[in-house]
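The residues making up each chain are set out below.
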Amino acid sequence: MPRRAILCVIAWICLTCAVAAEVPSFPALTGRVVDEAGLLTATDRAALTESLAAFETKTKDQLVIVTVKSLQGTPIEDYGYQLGRHWQIGQKDKNTGALLIVATTEHRVRIEVGYGLEGTLTDALTKVIIENSILPKFKTGDFAGGIKSGTQDIIRVLSGDAETIQSAAERNVAMDVKQTKTDMPVWVAIVAVLAVVGLLVLCTVTGGGGVCQAIWMMVLLLLSGGRGSSRGSSFGGGGGSFGGGGSSGKW
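Naming follows an unreviewed UniProt entry, where the protein chain appears as Methanol dehydrogenase of Telmatospirillum siberiense.

Spelled out as structure tokens, the structure:
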């Protein structure tokens, strides 16, 4: 064999190996719930499978839940679309599939959305679902609860009830804005405290009893208002920069 041909064969083999090394190995598609990481009980898997099957029968859309131990060094965004293509989730030529992916080693979660569902299960809505329904439970170790809650929200959106999810997101954003507006900068608080203390000292020295009582009433009102705004604070989500076809989160 000519030397040039030998070099071409070697180069082809090296290129093939390099490409293969970049593609992670995927678990087998054994059902609508693939729990490689072992986050769900048998009862959980059965209940989720039944819910997903009923959803697919009703809408013809296909939603699959998958938990993996590791992403094998691949960003979850790349892992997600590659896994969807590898499994061929969704109707042929309609791409009406979605994945809920949980990777335990990297502490990452993603909702991967097929092209045909991107107009309904938008990036903004997937982010809201992850931030409001999944991550709070994951952070307390309730993985089954987060997966169930996230799955229910995805089904709700794809069944035509996106308004409920969006309304919850808007309420949280509004509460965050209100909280931001009512929060007092630290330096202002320090100056206010020093001013009040100085006035109280001055009142005590000069014997101004009525003025002191008025100042104390103002202090009590401010403290009461501060406690009220603290109770109104809430964790918010529903924004950020996303890639095409879904969004990701980390706990």
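**Points about the sheet that holds strand β5 (residues 246-250)**
Strand order across the open sheet formed by five strands is β1-β2-β3-β4-β5, with mixed pairing between neighbours. Every interior strand has two partners, whereas the edge strands, β1 (33-35) and β5, have only one. Strand-to-strand twist in this sheet, taken as the mean axis angle between neighbours without regard to direction, amounts to 10°. For strand β4 (residues 108-113) and β5, the ladder comprises five bridges, and the chain directions are antiparallel. Across the sheet, residue V109 finds its bridge partner in β5, namely G249. Against the sheet, helix α5 (residues 143-158) makes contact with β2 (62-68), β3 (97-103) and β4, and its axis sits at roughly 160° relative to β2, the strand it touches most.

**Here we look at the nonpolar core**
By size, the foremost hydrophobic cluster in this structure holds 32 residues, and its most contacted members are L100, V109, I111, L121, I129, I147 and I154. Secondary structure elements with two or more residues in this core: α2 (42-59), β2, β3, β4, α4 (123-138) and α5. Excluding anything up to four places from it in sequence, V109 contacts I76, L100, I101, V102, I130, I134, L135, F138, S247, S248, G249 and W251. One finds L71, Y79, L83 and W87 within the second-largest nonpolar core, a separate group that totals 14 residues.

**A word on the pattern of salt bridges**
One pass over the structure, following the stated rule, counts eight salt bridges. The closest approach of N and O atoms between E56 and R32, which form a salt bridge, is 3.0 Å. Pair noted here: E56 is in helix α2 and R32 is in the loop between α1 (3-22) and β1, with a separation of 24 residues, a long-range link. With relative accessibility at 28%, the residue R32 sits in the partly exposed group. Put simply, D153 and R156 hold a salt bridge, and the shortest N to O gap is 2.5 Å. Note that D153 and R156 are positioned in helix α5 at a spacing of three residues, about one turn of the helix. D153 sits in the buried class, given a relative accessible area of 8%. When salt bridges that share partners are traced, they join D153, R156 and D161 into one network.

Rules behind the numbers
- Residues numbered from 1 in each chain as written.
- Predicted model: local features only at pLDDT ≥ 70, side-chain atom pairs only at ≥ 80, totals over all residues.
- Heavy atoms only, no water.
- Pairing = 2+ DSSP bridges.
- Helix = DSSP H or I, 4+ residues; strand = E, 2+ residues; numbered from the N terminus.
- Axes fitted to C-alpha atoms, helices over the stretch in contact; angles between N-to-C directions.
- Contact = heavy atoms within 4.5 Å.
- Core = buried A, V, L, I, M, F, W, Y, C linked by side-chain atoms within 4.5 Å.
- Buried < 20%, exposed > 50% of the residue type's maximum accessible area, 1.4 Å probe, protein only.
- Salt bridge = Lys/Arg side-chain N within 4 Å of Asp/Glu carboxyl O.

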